[in-house]
Amino acid sequence: MSNQEDSQNPNNRKADMSQVTGKQESGTTSRTQAANPVATHSLSDVANARSAKQGQPIVGATGLEARNIHAWFGSKHVLEDISMDFFSGTVTALIGPSGCGKSTFIRILNRMHEFIPTAALAGQVILDGKDVYEPGVDVTKIRLRVGMVFQKPNPFPSMTIKENVLSGLRLAQIKISNADELLESCLKRAGLWNEVKDRLDEYGGALSGGQQQRLCIARSLAVNPQVLLMDEPCSALDPGSTLRIEETIRELSSSMSIVIVTHNMQQAARVSDFTGFFLSDGGPGRLIECSTTSEIFTNPKEKQTEDYVSGRFG
Amino acid sequence: MSQTVLMMKPQRPWKLTPKQILPDAIGALFTVATTLLLVAITPLKGKLGFALVLIAMAITTVTAISWIRRDRKAAMNSTTTVLVYIAASFVIIPLASVLYEIVRLGANALSFGMFTADMSLTASDSPLNEGGLLHALIGTAYVVIFATILSTPIGVLTALYIVEVKGRFAGVVRFFVQAMSGVPSIVAGLFIFAVWMVQLGNAYSAVAGAFALTVLMIPTVARTSEEVLKLIPGDLREAGLALGATQWRTVAMVIIPAAKSGLITAVILGIARVVGETAPLLLTIGGADAVNLNPLEGNMSAFPYHVWKNLLIGSENAISRAWQGVFVLMVIVLIFFALARYFGAVKGNKK
């Protein structure tokens, strides 16, 4: 009996490990790809498979655009001259090593940057043809249209699951008549409905980490944003929950434009249509390259991008 | 494999065996014996002498045993442990003896009549079954409730200004709040006496007492609320704001509900700070022996006043009345705090 178990265990463990360390293993495979062109799980294959499945993204319909963004914290210049387009109906991934300004950039897009007391900014963020930093713009309306999901799941602890999902409406004082329908559709779109439909009156904190993060996504969806910013939404989650959230992102991407910051290049290759690579060489972070995801992972123009996506540094 | 699992019993291998406990037990016996001996043969006499010798002997014995059995580091650890235990007992012994004394002297001759009668027709010296402390109960209720109504919003809003709004004067406000929490209570009483009564020409009343207590209560409520609000993770604020809420909506719907039980604790601590205050009340409520249902004018009594007055009279029955007052006040405060805790914990903060 115990012998049998022992003989099975190593296999199981190997399978588990490859799941957990997906990122590292993929790094190795893509490095060996030159020698072995039939490798099946390289990042470029993943990226190509994804765009092949989705068809070409709708290029041209710009919902959100960052123009010449610079950012400072105190006297420290952290972002230099970032210009990016985010097309509606697409997923854009921002990759790059820690501390290169990805999160700062994403927070600039919905004006969360200004909550840091020493923060400063130059440049424009154009949402539907209007600069969100223009004087007189109602910042709460901007944040209604540009939703955000944070790195750590942060459901409101004093609210039930139902109240959490609908909290955006109450916070922004929007009145709706069909709250139950909206609740169901948001939870369904976030891929959480089946797990929580019988326990909507429990507190959000009772859910697991991955469920809490999907609850936070559902909460962002309830106010019907046109852009959803995700700041490393899966970094605190296990592979199963990560997979579930990636499915969610894929389902959502048809109806809104999504910007996702991630350290996991596999994830960027799996979910995104476009990828921007940020890098800081000790000074301010720069956008080294921005292109379709398959191009970044198959045929990057810059040497630094190639080094990063092939796992040679970072 | 599953059979062996069934045979396993839960054990605690880290537990000390009798053999290991033996040296400590001998050490404890040695400590007590030597202490008794030392008290007997030296001029150190009395309870204080005994306590001092016992502490010194306990530290020495425990340190010596650890040093002999293990090493210097273990000896240091044992010394610190004993010092911590001694410090803890220094806190617990006075508190427990205060409670014991209050119950012993205050719990006798309690009757239902105490809560229906006042002292207007009874002399303090008369038997305990006559008269009561209804006037003190009503007075304390008025004064504390008004003080709570006034200081809770001011204290919590001050904390919100310091933590959430982070206004330009946040540092100054925090400094003043901290300085105010060190104000002697009689100064608060004098302040209200000088401003509200002398300058504005008002007479003794429950509201004057409430004002004085408010001055004392605001800093406690504000400082505790500030600490509580600081514990709310910044993520929650950002999550609220990222959903398109104004700062006020975020605070009202997210921050305050999340901090609710802490804020209730802040108010409870504030009440605990003022409920037994005597000096500011002596200057502001005037004191009375009859029930006064009008909080806006007329002399008012309160538990601390009732206790103070009866202690001053000094006869046996009067002193018993004072202890009764202390006991009843303590029980009421205990019931009130338990209720507040219960209702504060019913909803929210369920993790």
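Residues numbered from 1 in each chain as written. Chains lettered and ligands numbered in written order. Predicted model: local features only at pLDDT ≥ 70, side-chain atom pairs only at ≥ 80, totals over all residues.

**Thoughts on the overall build of chain A**
Within chain A, the regular secondary structure consists of 13 helices and ten strands. The buried share of chain A, taken over its 314 residues, is 45%. Of the contacts formed within chain A by residues at least 6 apart in sequence, a portion of 70% connects residues at least 24 apart. (Helix = DSSP H or I, 4+ residues; strand = E, 2+ residues; numbered from the N terminus. Buried ≥ 20, exposed ≤ 12 C-beta atoms within 10 Å, placed from the backbone. Contact = placed C-beta atoms within 7 Å.)

**Concerning the overall build of chain B**
For chain B, the count of helices and strands is 14 helices and zero strands. Listing the helices and strands of chain B from first to last along the sequence gives α-α-α-α-α-α-α-α-α-α-α-α-α-α. Its C-alpha radius of gyration of 28 Å places chain B more than 25% over the 20 Å reference for a compact globule of 351 residues. The dimensions of chain B, computed from C-alpha atoms along their principal axes, are 75 × 70 × 45 Å. Taking all 351 residues of chain B together, the buried fraction comes to 33%. Looking at chain B alone, contacts between residues at least 24 apart form 69% of all its contacts between residues at least 6 apart. (Rg over C-alpha atoms; globule rule 2.2 N^0.38 Å.)

**Points about unusual backbone geometry**
Residue and element names in this part refer to chain A. Phi at Asp 128 takes a positive value of approximately 50 degrees, unusual for a residue other than glycine. Secondary-structure assignment places Asp 128 in the loop between strand 4 (119–127) and strand 5 (130–131). Take Asp 128: there are 12 C-beta atoms within 10 Å of it, and that puts it in the exposed class. Of note in the backbone geometry, Glu 232 takes a positive phi value of approximately 45 degrees without being a glycine. By the element assignment, Glu 232 lies in the loop between strand 7 (227–231) and helix 10 (239–252).

**Let's talk about the nonpolar core**
Ranked by size, the top nonpolar core spans 142 residues in total, and within it A:Leu109, A:Ala218, A:Leu229, A:Ile258, A:Val259, A:Ile260 and B:Val143 carry the most contacts. Among the elements that line this core, the one with the most residues is helix 8 (residues 206–231) of chain B, at 15 residues. Ignoring anything within four residues of it in the chain, the contact list for A:Leu109 reads A:Leu64, A:Ala66, A:Val125, A:Val146, A:Leu229 and A:Val259. (Core = buried A, V, L, I, M, F, W, Y, C linked by C-beta atoms within 7 Å.)

**Quick notes on the pairing of strand 10 (residues 285–292) of chain A**
Residues and elements named next belong to chain A. In this sheet, strand 10 lies alongside strand 9 (residues 274–280) in antiparallel orientation, the contact comprising seven bridges. Pairing of Ser 280 across the sheet is with Gly 285, part of strand 10. Hairpin connection, strand 9 to strand 10: the antiparallel pair is bridged by four residues, and Gly 282 has positive phi, about 95 degrees. (Pairing = 2+ DSSP bridges.)

**Considerations on the domain arrangement of chain B**
Residues and elements named next belong to chain B. Looking at the assigned domains, one finds that chain B contains domain 1 (16–106) and domain 2 (134–346). Computed over C-alpha atoms only, the centres of domain 1 and domain 2 are separated by 40 Å. Opposite the four residues of domain 1 that make contact, domain 2 presents five residues. (Domains from an automatic or database assignment.)

**Quick notes on helix 2 (residues 18–41) of chain B**
The terminal C-alpha atoms of helix 2 of chain B lie 34 Å apart, and with 24 residues this matches the ideal 34 Å at 1.5 Å per residue to within 8%. Counting buried positions along helix 2 of chain B gives two out of 24 residues, so the element sits mostly on the surface. (Expected span 1.5 Å × (residues − 1).)

**Remarks on the interface of chain B and chain A**
Frequently, the measure chosen for interface size is the accessible area that the parts lose on association. Each side of the interface is counted separately: chain B has 23 residues, and chain A has 25 residues. Looking at the side of chain B that touches chain A element by element, the count peaks at seven residues for helix 9 (residues 234–242) of chain B.

**A word on the environment of B:Phe115**
Residues and elements named next belong to chain B. Topologically, Phe 115 is positioned in the loop between helix 4 (72–106) and helix 5 (134–165). With 19 residues separating them along the chain, Phe 115 and Leu 134 place their C-alpha atoms 5.0 Å apart. In contact with Phe 115, not counting residues within four places along its chain, are Gly 132, Leu 134 and Leu 137.

**Comments concerning the packing of helix 6 (residues 161–171) of chain A against helix 9 (residues 209–221) of chain A**
Residues and elements named next belong to chain A. For the pair helix 6 and helix 9, the least separation of the axes is 6 Å and the interaxial angle reads 40 degrees. Overall, the two elements helix 6 and helix 9 adopt an arrangement that is oblique. Crossing angle aside, the handedness with which helix 6 passes helix 9 is right-handed. Contacts from Ile 161, Asn 164, Val 165, Ser 167 and Gly 168 of helix 6 reach helix 9 at Leu 215, Ala 218 and Arg 219. Looking at the contact of helix 6 with helix 9 residue by residue, the class counts come to four nonpolar, three polar and one charged. (Axes fitted to C-alpha atoms, helices over the stretch in contact; angles between N-to-C directions. Parallel < 35°, antiparallel > 145°, perpendicular 65-115°, else oblique. Left-handed = near helix turned anticlockwise from the far one by under 90°. Nonpolar A, V, L, I, M, F, W, Y, C, P; charged D, E, K, R; others polar.)

**A closer look at helix 11 (residues 260–274) of chain B**
Compared with the 21 Å implied by 1.5 Å per residue over 15 residues, the 22 Å span of helix 11 of chain B between its first and last C-alpha is a close match. Listing the buried residues of helix 11 of chain B in full gives B:Ser261, B:Leu263, B:Ala266, B:Val267, B:Ile268, B:Gly270, B:Ile271, B:Arg273 and B:Val274.

**Brief notes about the pairing of strand 6 (residues 146–149) of chain A**
Residues and elements named next belong to chain A. Here strand 6 shows two buried faces, one formed by Val 146 and Met 148 and the other by Gly 147 and Val 149. In this structure, strand 6 lies alongside strand 7, joined through four bridges in parallel fashion. Following the sheet pairing, Gly 147 is matched in strand 7 by Leu 228.

**Observations regarding the confidence of the model for chain A**
Residue and element names in this part refer to chain A. Taken over all residues, the pLDDT of chain A has a mean of 81, while the share at 70 or more is 82%. Confidence drops under pLDDT 50 across residues 1–40; counting only partners more than four residues distant or on other chains, this segment forms 27 contacts. Here residues 52–57 is modelled with pLDDT under 50, and outside its nearest four sequence neighbours on either side it reaches five contacts, counting other chains as well. (pLDDT = per-residue confidence, 0-100.)

**Remarks on the packing of helix 6 of chain A against helix 7 (residues 179–189) of chain A**
Residue and element names in this part refer to chain A. Where helix 6 contacts helix 7, the two axes come as close as 10 Å, and the packing angle between them is 95 degrees. One way to sum up the angle between helix 6 and helix 7 is to call them roughly perpendicular. Residue-level inspection shows Lys 162, Val 165 and Leu 166 of helix 6 in contact with helix 7, the latter providing Ala 179, Leu 183, Cys 186 and Leu 187. Of the residues contributing to the contact of helix 6 with helix 7, the split by class is six nonpolar, no polar and one charged.

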